[in-house]
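# Survey of secondary and tertiary structure
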Amino acid sequence: MIETPKQTKTIKDQTADEPPIHDEYGEADLAITRRSPYGTLAEATYAGILSFMRRQYSKDLTGADVAVFGVPFDISVSNRPGCRFGPRAIRQASSMLAWDRAWGWSFDPFERLAVVDYGDLQFDPGYPREIADRLQEQIREIAEHDVATLMLGGDHFCTYPAIKAHADQHGPLALIQFDAHSDTWRDNGDRLDHGTMFYHAAREGVILPEKSAQIGIRTNNPESHGFNIFSADWVREKGVTATIEAVRSIVGQHPAYITFDIDGLDPAFAPGTGTPVVGGMHTGDVRAIIRGLQGLNIKAMDVVEVSPAYDVGEVTALAAATLALDLICLYASQFPDHKLTSS
Ligand code: MN
Ligand code: MN
(Lines give C-alpha, C1' and ligand atoms only; values in the text may rest on other atoms or scores of the structure.)
(Ligands and ions follow the chains in the order given, each with its own letter.)
Protein backbone atom coordinates (compact mmCIF):
# COMPACT_ATOMS: atom_id res chain seq x y z
CA MET A 1 0.00 0.00 0.00
CA ILE A 2 1.27 3.45 -0.88
CA GLU A 3 1.59 5.66 2.16
CA THR A 4 0.18 9.16 2.01
CA PRO A 5 2.97 11.71 2.57
CA LYS A 6 2.89 13.00 6.13
CA GLN A 7 1.44 16.50 6.27
CA THR A 8 3.64 18.83 8.28
CA LYS A 9 0.97 21.52 8.53
CA THR A 10 -2.73 21.20 9.09
CA ILE A 11 -5.67 23.47 8.42
CA LYS A 12 -5.81 24.02 12.19
CA ASP A 13 -2.25 25.36 12.10
CA GLN A 14 -3.17 27.62 9.21
CA THR A 15 -6.08 29.21 11.04
CA ALA A 16 -4.25 29.64 14.36
CA ASP A 17 -3.37 33.14 15.56
CA GLU A 18 0.27 32.89 14.57
CA PRO A 19 1.13 33.71 10.95
CA PRO A 20 1.41 30.74 8.60
CA ILE A 21 4.90 29.42 7.90
CA HIS A 22 5.89 30.04 4.29
CA ASP A 23 9.52 28.94 4.39
CA GLU A 24 8.84 25.27 3.75
CA TYR A 25 7.06 23.24 1.14
CA GLY A 26 5.60 20.64 3.42
CA GLU A 27 2.94 19.52 0.98
CA ALA A 28 2.97 17.79 -2.38
CA ASP A 29 0.21 16.95 -4.84
CA LEU A 30 -2.43 18.72 -2.75
CA ALA A 31 -4.94 18.07 -5.55
CA ILE A 32 -5.14 14.52 -4.23
CA THR A 33 -3.44 14.60 -0.78
CA ARG A 34 -5.31 17.54 0.75
CA ARG A 35 -7.34 16.35 3.72
CA SER A 36 -9.75 19.26 3.91
CA PRO A 37 -11.49 21.34 1.25
CA TYR A 38 -10.74 24.40 3.39
CA GLY A 39 -7.65 26.50 3.88
CA THR A 40 -4.56 27.63 1.98
CA LEU A 41 -1.46 25.43 2.06
CA ALA A 42 1.89 25.99 0.34
CA GLU A 43 3.14 23.60 -2.32
CA ALA A 44 6.06 24.05 -4.72
CA THR A 45 4.64 26.29 -7.45
CA TYR A 46 6.52 24.44 -10.19
CA ALA A 47 5.66 20.87 -9.25
CA GLY A 48 2.84 18.53 -8.43
CA ILE A 49 -0.51 17.44 -9.81
CA LEU A 50 -2.39 20.44 -11.18
CA SER A 51 -5.80 21.54 -9.98
CA PHE A 52 -7.28 25.02 -9.76
CA MET A 53 -5.58 26.73 -6.79
CA ARG A 54 -4.42 23.31 -5.54
CA ARG A 55 -7.97 22.50 -4.49
CA GLN A 56 -9.01 18.91 -3.99
CA TYR A 57 -10.08 17.08 -7.14
CA SER A 58 -13.49 15.57 -6.48
CA LYS A 59 -16.59 14.41 -8.33
CA ASP A 60 -18.34 14.19 -4.95
CA LEU A 61 -19.98 17.53 -4.15
CA THR A 62 -21.12 16.60 -0.65
CA GLY A 63 -20.27 19.53 1.60
CA ALA A 64 -18.91 21.64 -1.26
CA ASP A 65 -19.81 25.32 -1.57
CA VAL A 66 -18.14 26.02 -4.92
CA ALA A 67 -17.25 23.61 -7.75
CA VAL A 68 -14.59 24.74 -10.22
CA PHE A 69 -14.73 22.94 -13.55
CA GLY A 70 -13.25 23.24 -17.02
CA VAL A 71 -15.03 23.09 -20.36
CA PRO A 72 -12.41 22.28 -23.00
CA PHE A 73 -14.59 23.52 -25.84
CA ASP A 74 -13.73 25.89 -28.72
CA ILE A 75 -15.99 24.87 -31.58
CA SER A 76 -17.98 28.14 -31.69
CA VAL A 77 -15.12 30.64 -32.04
CA SER A 78 -15.31 33.04 -34.98
CA ASN A 79 -11.59 33.74 -35.28
CA ARG A 80 -8.60 31.95 -33.71
CA PRO A 81 -9.35 28.62 -31.98
CA GLY A 82 -7.43 27.00 -29.13
CA CYS A 83 -9.32 27.86 -25.96
CA ARG A 84 -10.07 24.17 -25.43
CA PHE A 85 -6.64 24.30 -23.77
CA GLY A 86 -7.74 27.19 -21.53
CA PRO A 87 -8.78 25.18 -18.43
CA ARG A 88 -5.44 23.36 -18.34
CA ALA A 89 -3.46 26.62 -18.73
CA ILE A 90 -5.49 28.39 -16.03
CA ARG A 91 -4.95 25.50 -13.60
CA GLN A 92 -1.21 25.60 -14.28
CA ALA A 93 -1.00 29.39 -13.84
CA SER A 94 -3.02 29.17 -10.62
CA SER A 95 -0.19 27.12 -9.05
CA MET A 96 1.72 30.44 -8.88
CA LEU A 97 -1.08 31.93 -6.75
CA ALA A 98 -2.08 29.03 -4.51
CA TRP A 99 0.44 29.54 -1.69
CA ASP A 100 -1.03 32.89 -0.59
CA ARG A 101 -4.41 34.51 -0.25
CA ALA A 102 -5.49 36.92 -2.98
CA TRP A 103 -4.01 40.41 -2.84
CA GLY A 104 -6.48 43.20 -2.14
CA TRP A 105 -9.02 41.14 -0.21
CA SER A 106 -9.38 41.24 3.57
CA PHE A 107 -10.08 37.52 3.92
CA ASP A 108 -9.10 34.11 2.57
CA PRO A 109 -12.12 32.71 0.68
CA PHE A 110 -10.90 29.18 1.34
CA GLU A 111 -11.41 29.68 5.07
CA ARG A 112 -15.06 30.55 4.40
CA LEU A 113 -15.94 28.12 1.64
CA ALA A 114 -15.26 24.52 0.66
CA VAL A 115 -14.02 24.81 -2.93
CA VAL A 116 -13.29 21.71 -5.01
CA ASP A 117 -11.94 21.19 -8.51
CA TYR A 118 -14.56 19.08 -10.28
CA GLY A 119 -12.30 18.41 -13.27
CA ASP A 120 -13.45 18.95 -16.86
CA LEU A 121 -16.88 18.38 -18.30
CA GLN A 122 -17.11 15.68 -20.92
CA PHE A 123 -18.61 15.87 -24.39
CA ASP A 124 -17.92 14.45 -27.83
CA PRO A 125 -17.03 17.19 -30.37
CA GLY A 126 -18.06 14.76 -33.10
CA TYR A 127 -21.70 15.42 -32.19
CA PRO A 128 -21.87 19.24 -32.24
CA ARG A 129 -25.70 19.33 -32.13
CA GLU A 130 -25.68 17.55 -28.77
CA ILE A 131 -22.97 19.61 -27.06
CA ALA A 132 -25.10 22.47 -25.71
CA ASP A 133 -27.65 20.10 -24.14
CA ARG A 134 -24.90 17.89 -22.76
CA LEU A 135 -23.13 20.84 -21.09
CA GLN A 136 -26.39 22.21 -19.70
CA GLU A 137 -27.27 18.81 -18.26
CA GLN A 138 -23.89 18.46 -16.52
CA ILE A 139 -23.94 21.99 -15.12
CA ARG A 140 -27.52 21.48 -13.92
CA GLU A 141 -26.39 18.36 -12.04
CA ILE A 142 -23.80 20.49 -10.19
CA ALA A 143 -26.18 23.40 -9.60
CA GLU A 144 -28.84 21.06 -8.20
CA HIS A 145 -26.46 20.23 -5.34
CA ASP A 146 -26.88 23.88 -4.27
CA VAL A 147 -23.24 24.39 -5.21
CA ALA A 148 -22.04 27.57 -6.92
CA THR A 149 -19.97 27.09 -10.06
CA LEU A 150 -16.81 28.69 -11.37
CA MET A 151 -16.43 27.58 -14.98
CA LEU A 152 -13.09 27.80 -16.79
CA GLY A 153 -13.67 28.04 -20.56
CA GLY A 154 -13.62 27.13 -23.26
CA ASP A 155 -15.11 29.71 -25.59
CA HIS A 156 -17.85 32.09 -24.50
CA PHE A 157 -20.64 29.93 -25.89
CA CYS A 158 -20.13 27.76 -22.75
CA THR A 159 -21.74 30.54 -20.71
CA TYR A 160 -25.07 29.96 -22.47
CA PRO A 161 -25.75 26.42 -21.13
CA ALA A 162 -24.32 27.53 -17.76
CA ILE A 163 -26.79 30.42 -17.53
CA LYS A 164 -29.71 28.21 -18.53
CA ALA A 165 -28.76 25.65 -15.86
CA HIS A 166 -28.51 28.31 -13.15
CA ALA A 167 -31.68 30.09 -14.27
CA ASP A 168 -33.48 26.79 -13.65
CA GLN A 169 -32.31 27.07 -10.03
CA HIS A 170 -32.52 30.80 -9.38
CA GLY A 171 -34.87 32.23 -12.00
CA PRO A 172 -33.91 34.88 -14.59
CA LEU A 173 -30.46 36.25 -13.86
CA ALA A 174 -28.70 39.58 -14.04
CA LEU A 175 -25.58 39.27 -16.20
CA ILE A 176 -22.35 41.07 -15.32
CA GLN A 177 -20.21 40.66 -18.43
CA PHE A 178 -16.62 41.80 -18.95
CA ASP A 179 -15.94 41.62 -22.68
CA ALA A 180 -14.73 43.48 -25.77
CA HIS A 181 -17.85 42.19 -27.51
CA SER A 182 -21.53 42.37 -26.66
CA ASP A 183 -22.16 38.79 -27.85
CA THR A 184 -25.74 39.88 -28.64
CA TRP A 185 -25.51 39.78 -32.43
CA ARG A 186 -28.47 38.11 -34.07
CA ASP A 187 -28.52 34.71 -35.71
CA ASN A 188 -31.16 32.05 -36.31
CA GLY A 189 -30.38 30.18 -33.08
CA ASP A 190 -29.45 26.90 -34.77
CA ARG A 191 -25.75 27.75 -34.78
CA LEU A 192 -22.97 27.33 -32.25
CA ASP A 193 -21.53 30.86 -32.05
CA HIS A 194 -19.70 32.66 -29.27
CA GLY A 195 -21.04 36.03 -30.42
CA THR A 196 -24.81 35.53 -30.40
CA MET A 197 -25.74 33.58 -27.27
CA PHE A 198 -26.70 36.52 -25.05
CA TYR A 199 -29.18 37.68 -27.72
CA HIS A 200 -30.88 34.30 -27.38
CA ALA A 201 -30.51 34.15 -23.59
CA ALA A 202 -32.24 37.54 -23.30
CA ARG A 203 -35.03 36.53 -25.71
CA GLU A 204 -35.59 33.34 -23.74
CA GLY A 205 -35.81 35.33 -20.52
CA VAL A 206 -32.98 33.51 -18.72
CA ILE A 207 -31.13 36.82 -18.39
CA LEU A 208 -32.69 40.22 -17.81
CA PRO A 209 -30.97 42.88 -19.97
CA GLU A 210 -32.24 45.80 -17.86
CA LYS A 211 -30.56 44.24 -14.80
CA SER A 212 -27.36 43.46 -16.71
CA ALA A 213 -24.12 45.31 -17.37
CA GLN A 214 -21.64 44.80 -20.21
CA ILE A 215 -18.26 46.27 -19.32
CA GLY A 216 -15.30 46.94 -21.64
CA ILE A 217 -17.22 46.81 -24.95
CA ARG A 218 -15.32 48.14 -27.99
CA THR A 219 -16.90 46.55 -31.04
CA ASN A 220 -19.96 47.80 -32.92
CA ASN A 221 -23.38 46.30 -32.57
CA PRO A 222 -26.29 48.41 -33.84
CA GLU A 223 -28.59 46.95 -31.19
CA SER A 224 -28.14 46.97 -27.40
CA HIS A 225 -31.20 44.74 -26.79
CA GLY A 226 -31.71 46.68 -23.57
CA PHE A 227 -28.38 45.77 -21.96
CA ASN A 228 -26.58 48.51 -20.01
CA ILE A 229 -23.31 49.02 -21.89
CA PHE A 230 -20.12 50.51 -20.44
CA SER A 231 -17.52 50.74 -23.17
CA ALA A 232 -13.81 50.41 -22.43
CA ASP A 233 -13.54 54.15 -23.19
CA TRP A 234 -16.32 54.93 -20.67
CA VAL A 235 -14.50 52.94 -17.99
CA ARG A 236 -11.22 54.73 -18.78
CA GLU A 237 -12.82 58.20 -18.76
CA LYS A 238 -15.11 57.79 -15.74
CA GLY A 239 -12.86 55.52 -13.72
CA VAL A 240 -13.12 52.48 -11.49
CA THR A 241 -15.29 54.04 -8.78
CA ALA A 242 -17.93 55.30 -11.20
CA THR A 243 -18.02 51.89 -12.90
CA ILE A 244 -18.55 50.12 -9.58
CA GLU A 245 -21.36 52.51 -8.62
CA ALA A 246 -23.08 52.12 -11.99
CA VAL A 247 -22.95 48.32 -11.96
CA ARG A 248 -24.10 48.09 -8.34
CA SER A 249 -27.08 50.34 -9.00
CA ILE A 250 -28.14 48.31 -12.06
CA VAL A 251 -27.74 44.83 -10.60
CA GLY A 252 -28.76 45.54 -7.01
CA GLN A 253 -29.50 42.35 -5.08
CA HIS A 254 -30.91 40.50 -8.09
CA PRO A 255 -29.44 36.96 -8.49
CA ALA A 256 -26.48 37.48 -10.81
CA TYR A 257 -24.17 35.54 -13.11
CA ILE A 258 -20.74 37.09 -13.64
CA THR A 259 -18.83 36.19 -16.81
CA PHE A 260 -15.32 37.32 -17.68
CA ASP A 261 -14.36 37.02 -21.35
CA ILE A 262 -10.60 37.49 -21.11
CA ASP A 263 -10.67 39.69 -24.25
CA GLY A 264 -12.26 42.36 -22.06
CA LEU A 265 -8.68 43.05 -21.04
CA ASP A 266 -6.42 44.90 -23.45
CA PRO A 267 -4.36 42.49 -25.61
CA ALA A 268 -1.29 43.93 -23.82
CA PHE A 269 -2.60 42.20 -20.69
CA ALA A 270 -4.23 39.20 -22.39
CA PRO A 271 -2.74 38.39 -25.80
CA GLY A 272 -3.70 34.73 -25.58
CA THR A 273 -7.26 34.87 -26.84
CA GLY A 274 -9.14 34.21 -30.05
CA THR A 275 -10.64 37.61 -30.86
CA PRO A 276 -8.37 40.30 -29.36
CA VAL A 277 -9.39 43.97 -29.66
CA VAL A 278 -7.00 46.80 -28.75
CA GLY A 279 -7.98 49.66 -26.43
CA GLY A 280 -9.19 47.41 -23.62
CA MET A 281 -9.15 47.46 -19.87
CA HIS A 282 -6.21 47.19 -17.48
CA THR A 283 -5.93 44.07 -15.30
CA GLY A 284 -5.48 46.18 -12.16
CA ASP A 285 -8.59 48.21 -12.96
CA VAL A 286 -10.83 45.20 -13.52
CA ARG A 287 -9.55 43.60 -10.31
CA ALA A 288 -10.53 46.78 -8.46
CA ILE A 289 -13.96 46.76 -10.14
CA ILE A 290 -14.54 43.15 -9.09
CA ARG A 291 -13.53 43.97 -5.50
CA GLY A 292 -15.98 46.86 -5.60
CA LEU A 293 -18.88 44.48 -6.29
CA GLN A 294 -18.60 42.75 -2.89
CA GLY A 295 -21.90 41.75 -1.37
CA LEU A 296 -23.81 41.39 -4.65
CA ASN A 297 -26.01 38.30 -4.94
CA ILE A 298 -23.65 36.31 -7.20
CA LYS A 299 -24.82 32.77 -8.01
CA ALA A 300 -22.24 31.56 -10.56
CA MET A 301 -19.11 32.72 -12.36
CA ASP A 302 -16.83 32.00 -15.28
CA VAL A 303 -13.62 33.01 -17.03
CA VAL A 304 -13.56 32.14 -20.71
CA GLU A 305 -11.72 32.51 -24.04
CA VAL A 306 -8.15 31.85 -22.85
CA SER A 307 -6.26 30.44 -25.85
CA PRO A 308 -2.75 29.44 -24.65
CA ALA A 309 -1.24 28.99 -28.13
CA TYR A 310 -1.44 32.80 -28.61
CA ASP A 311 -0.24 33.56 -25.09
CA VAL A 312 3.17 35.02 -24.25
CA GLY A 313 4.96 34.08 -21.05
CA GLU A 314 1.69 32.85 -19.48
CA VAL A 315 0.51 36.48 -19.22
CA THR A 316 -3.06 35.64 -20.19
CA ALA A 317 -3.30 32.42 -18.20
CA LEU A 318 -2.01 34.17 -15.08
CA ALA A 319 -4.48 37.03 -15.56
CA ALA A 320 -7.30 34.50 -15.99
CA ALA A 321 -6.26 32.49 -12.92
CA THR A 322 -6.03 35.69 -10.85
CA LEU A 323 -9.43 36.93 -12.02
CA ALA A 324 -10.95 33.49 -11.37
CA LEU A 325 -9.59 33.66 -7.82
CA ASP A 326 -10.99 37.18 -7.49
CA LEU A 327 -14.40 35.84 -8.52
CA ILE A 328 -14.21 33.22 -5.76
CA CYS A 329 -13.35 36.00 -3.31
CA LEU A 330 -16.29 38.03 -4.63
CA TYR A 331 -18.59 35.05 -4.15
CA ALA A 332 -17.20 34.49 -0.63
CA SER A 333 -17.85 38.15 0.25
CA GLN A 334 -21.54 37.22 0.56
CA PHE A 335 -20.78 34.95 3.49
CA PRO A 336 -18.75 36.92 6.06
CA ASP A 337 -19.89 34.70 8.94
CA HIS A 338 -19.31 31.37 7.22
CA LYS A 339 -17.05 29.36 9.50
CA LEU A 340 -14.97 26.26 9.02
CA THR A 341 -17.22 23.25 9.41
CA SER A 342 -14.51 20.61 9.11
CA SER A 343 -10.77 20.39 9.49
MN1 MN B 1 -15.07 38.85 -26.46
MN1 MN C 1 -17.49 37.11 -25.28
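These lines cover the structure that appears in this document, whether it is placed above or below. The shown structure was predicted, so the numbers you read here are calculated from the model rather than taken from an experiment.

## A few points about the packing of helix α5 (residues 128–143) against helix α6 (residues 159–170)
- For the pair α5 and α6, the least separation of the axes is 8 Å and the interaxial angle reads 40°. Taken together, the axes of α5 and α6 are oblique relative to one another. Seen along the crossing, α5 lies across α6 with a hand that is right-handed. Residues Ala-132, Leu-135, Gln-136, Ile-139, Arg-140 and Ala-143 of α5 pack against Pro-161, Ala-162, Lys-164, Ala-165, His-166, Asp-168 and Gln-169 of α6.
- Its residues assigned to classes, the contact of α5 with α6 comprises seven nonpolar, three polar and three charged.

## Side note on the packing of aromatic side chains
- On inspection of all chains with the given rule, the structure shows seven aromatic pairs.
- Measuring from centroid to centroid gives 5.8 Å for Phe-157 and Tyr-160, while their planes differ by 85°, and the two rings are edge-to-face. Neither residue differs from the other here; Phe-157 and Tyr-160 are each classed as buried.
- Ring pairing ties together the aromatic residues Phe-73, Phe-123, Phe-157 and Tyr-160, which thus form one cluster.

## A closer look at the pattern of salt bridges
- All told, the structure shown has ten salt bridges when counted by the stated rule.
- Among the ionic contacts, a cluster of salt bridges with common partners joins Arg-91, Asp-117 and Asp-120.

## Digging into the coordination of the manganese ion (ligand 1)
- The coordination sphere of the manganese ion (ligand 1) contains the protein donors Asp-179 (OD), His-181 (ND1), Asp-261 (OD), Asp-263 (OD) and Asp-263 (OD), at a distance range of 2.1 to 2.4 Å.
- The sequence pattern describing where the donors of the manganese ion (ligand 1) fall on their chain is D-x1-H-x79-D-x1-D.
- The metal-metal distance between the manganese ion (ligand 1) and the manganese ion (ligand 2) comes to 3.2 Å, with Asp-179 coordinating both. Pair noted here: His-181 is in the loop between β4 (174–178) and α7 (197–203) and Asp-263 is in the loop between β7 (256–261) and α10 (283–291), with a separation of 82 residues, a long-range link.
- On the accessibility criterion, His-181 (12% relative accessible area) is buried.

## Comments concerning the coordination of the manganese ion (ligand 2)
- Distances from the manganese ion (ligand 2) to its protein donors, His-156 (ND1), Asp-179 (OD), Asp-183 (OD) and Asp-261 (OD), fall at 2.1 to 2.2 Å.
- Positions of the donor residues of the manganese ion (ligand 2), expressed as sequence spacing, correspond to H-x22-D-x3-D-x77-D.

## Quick look at the packing of helix α9 (residues 240–251) against α10
- Across the interface, α9 lies against α10 with an axial gap of 9 Å and an inter-helix angle of 40°. On the basis of their axis angle, the class for α9 and α10 is oblique. Between α9 and α10 lies a crossing of right-handed hand. Of α10, the residues touching α9 (which contributes Val-240, Thr-243 and Ile-244) are Asp-285, Ala-288 and Ile-289.
- Per-class residue counts for the contact of α9 with α10 are four nonpolar, one polar and one charged.

## Quick look at a negative patch on the surface
- A cluster of acidic residues, Asp-124, Glu-130, Asp-133, Glu-137, Glu-141 and Glu-144, forms a negative patch on the protein surface.
- A residue is classified by how much of its surface remains accessible, and Glu-144, at 52% relative accessible area, is exposed.

## Points about the sheet that holds β7
- With respect to topology, eight strands assemble into an open sheet ordered β2-β1-β3-β8-β7-β4-β5-β6, the strand pairing being parallel. Each edge of the sheet is formed by a strand with only one pairing partner; in this case those strands are β2 (115–120) and β6 (228–231). Mean inter-strand twist for the sheet, computed between neighbouring axes without regard to direction, equals 15°.
- The sheet strands contacting α5 are β1 (66–71), β2 and β3 (148–153), and the helix crosses β1 at an angle near 165°.

## Things to note about the pairing of β3
- Taking burial as the measure, the six residues of β3 include six buried ones, the bulk of the element.
- Side chains Ala-148, Leu-150 and Leu-152 project from β3 onto one buried face, and the interleaved Thr-149, Met-151 and Gly-153 project onto a second face that is buried too.
- By the bridge criterion, six bridges tie β1 to β3 in an arrangement that is parallel. For Val-71, the partnering residue across the bridge sits in β3 and is Gly-153.
- As defined by bridge partners, β3 adjoins strand β8 (residues 298–304) across four bridges and the pair is classed as parallel. Looking at β8, one finds that Leu-150 is bridged to Met-301.

## Remarks on the pairing of strand β5 (residues 213–217)
- By the criterion of burial, β5 is predominantly enclosed, with five of the five residues buried.
- In this fold, the crossover linking β4 to β5 by way of α7 has right-handed handedness.
- Note that β5 and β6 share four bridges and pair parallel. When the bridges of β6 are listed, Ile-215 appears paired with Phe-230.

The rules behind these values
- Residues numbered from 1 in each chain as written.
- Chains lettered and ligands numbered in written order.
- Predicted model: local features only at pLDDT ≥ 70, side-chain atom pairs only at ≥ 80, totals over all residues.
- Heavy atoms only, no water.
- Axes fitted to C-alpha atoms, helices over the stretch in contact; angles between N-to-C directions.
- Helix = DSSP H or I, 4+ residues; strand = E, 2+ residues; numbered from the N terminus.
- Parallel < 35°, antiparallel > 145°, perpendicular 65-115°, else oblique.
- Left-handed = near helix turned anticlockwise from the far one by under 90°.
- Contact = heavy atoms within 4.5 Å.
- Nonpolar A, V, L, I, M, F, W, Y, C, P; charged D, E, K, R; others polar.
- Phe/Tyr/Trp six-rings, centres within 6.5 Å; stacked < 30°, edge-to-face > 60°.
- Buried < 20%, exposed > 50% of the residue type's maximum accessible area, 1.4 Å probe, protein only.
- Salt bridge = Lys/Arg side-chain N within 4 Å of Asp/Glu carboxyl O.
- Donors = N, O, S within 2.8 Å, 3.2 Å for Na, K, Ca; no water.
- Patch = residues over 30% accessible without salt bridge, like charges linked within 9 Å, V, L, I, M, F, W, Y side chains within 5 Å.
- Areas by Shrake-Rupley, 256 points an atom, 1.4 Å probe, with all protein chains shown as cover.
- Lys, Arg positive; Asp, Glu negative; His and termini not counted.
- Charge placed at Lys NZ, Arg CZ, Asp CG, Glu CD.
- Pairing = 2+ DSSP bridges.
- Right-handed = clockwise from strand over helix to strand, strands pointing away.

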